[in-house]
Amino acid sequence: MKESNSDKKKKFFKEIYIYGIGFFLSIILTIFSFFITIFNIFSKFSTFFLISIFAIFQILVHFRYFFKLEFSKKNPWYLISIIFSLLIIFIILFGSIWIMLNLNHHLMDN
């Protein structure tokens, strides 16, 4: 069955609406993080904590609105691929930190 022009337009405007929501949310989260950092509103620990929370929300917004990933039981491969990607990032990040700290310990030990 062919889609009519009105169905195509509705689908198109729905896509634009979803991208607009994602764009708006990511801009708001970026502006909040920017102003918290620039104006030193909170202590350093609170600023770090809030920016970390905003970063996690930003990642979730990108997953949901731009990558169109849905965390439903219908298709579990989305969640499995995200968990695998996060595991690889975790290994690379903390492995690099561990190597640098180990090098610092062995090279600067007098």
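Going by the structure above, here's the rest.
Now for a look at the structure at hand. As the structure is a computational prediction, the values presented were derived from the model and not from experiment.

### Describing the environment of Lys68
Here is step 1 of the chain: Considering the arrangement of structural elements, one finds Lys68 in the loop between α2 (44–66) and α3 (77–107).
Here is step 2 of the chain: Here Lys68 falls in the partly exposed class, since its relative accessible area comes to 29%.
Here is step 3 of the chain: When the C-alpha positions of Lys68 and Tyr19 are compared, they lie 9.8 Å apart, and in sequence the two are 49 residues distant.
Here is step 4 of the chain: Once residues within four sequence positions are removed from consideration, Lys68 is found in contact with Glu15, Tyr19 and Phe63.
Here is step 5 of the chain: A polar side-chain atom of Lys68 sits 3.3 Å from a polar atom in the side chain of Tyr19.

### Some points on the side chain of Ser26
Here is step 1 of the chain: By the secondary structure assignment, Ser26 is in helix α1 (residues 5–38).
Here is step 2 of the chain: Setting aside residues up to four positions removed in sequence, Ser26 forms contacts with Gln58, Val61, His62 and Phe66.

### Describing the environment of Ile56
Here is step 1 of the chain: Within the secondary structure, Ile56 is located in helix α2.
Here is step 2 of the chain: As for Ile56 and Ile91, which are separated by 35 residues in sequence, their C-alpha atoms are 18 Å apart.

### A closer look at the packing of aromatic side chains
Here is step 1 of the chain: Under the definition given, this model contains seven aromatic pairs.
Here is step 2 of the chain: Seen in terms of ring centroids, Phe34 and Phe35 are 5.7 Å apart; in terms of plane orientation they differ by 70 degrees. Their pairing is edge-to-face.
Here is step 3 of the chain: Relative accessible area serves as the criterion here: at 37%, Phe35 is assigned to the partly exposed category.
Here is step 4 of the chain: Pairing Phe35 with Phe39 gives two aromatic rings, centres 5.4 Å apart and planes at 5 degrees, and the pair type is stacked.
Here is step 5 of the chain: The class for Phe39 is exposed, based on a relative accessible area of 53%.
Here is step 6 of the chain: Lying over the aromatic face of Tyr65, Arg64 brings its terminal NZ or CZ to 5.7 Å of the ring centre.

### Observations concerning the packing of α1 against α2
Here is step 1 of the chain: Contact pair α1 / α2: the axes reach a minimum separation of 10 Å and the direction vectors enclose 170 degrees. Regarding the angle of α1 to α2, the classification is roughly antiparallel.
Here is step 2 of the chain: Its residues assigned to classes, the contact of α1 with α2 comprises 15 nonpolar, eight polar and no charged.

Criteria and cut-off values
Residues numbered from 1 in each chain as written. Predicted model: local features only at pLDDT ≥ 70, side-chain atom pairs only at ≥ 80, totals over all residues. Heavy atoms only, no water. Helix = DSSP H or I, 4+ residues; strand = E, 2+ residues; numbered from the N terminus. Buried < 20%, exposed > 50% of the residue type's maximum accessible area, 1.4 Å probe, protein only. Contact = heavy atoms within 4.5 Å. Polar contact = N/O pair within 3.5 Å; in protein donor to acceptor, adjacent residues only side chain to side chain. Phe/Tyr/Trp six-rings, centres within 6.5 Å; stacked < 30°, edge-to-face > 60°. Lys NZ or Arg CZ within 6 Å of the ring centre and 35° of its normal. Axes fitted to C-alpha atoms, helices over the stretch in contact; angles between N-to-C directions. Parallel < 35°, antiparallel > 145°, perpendicular 65-115°, else oblique. Nonpolar A, V, L, I, M, F, W, Y, C, P; charged D, E, K, R; others polar.

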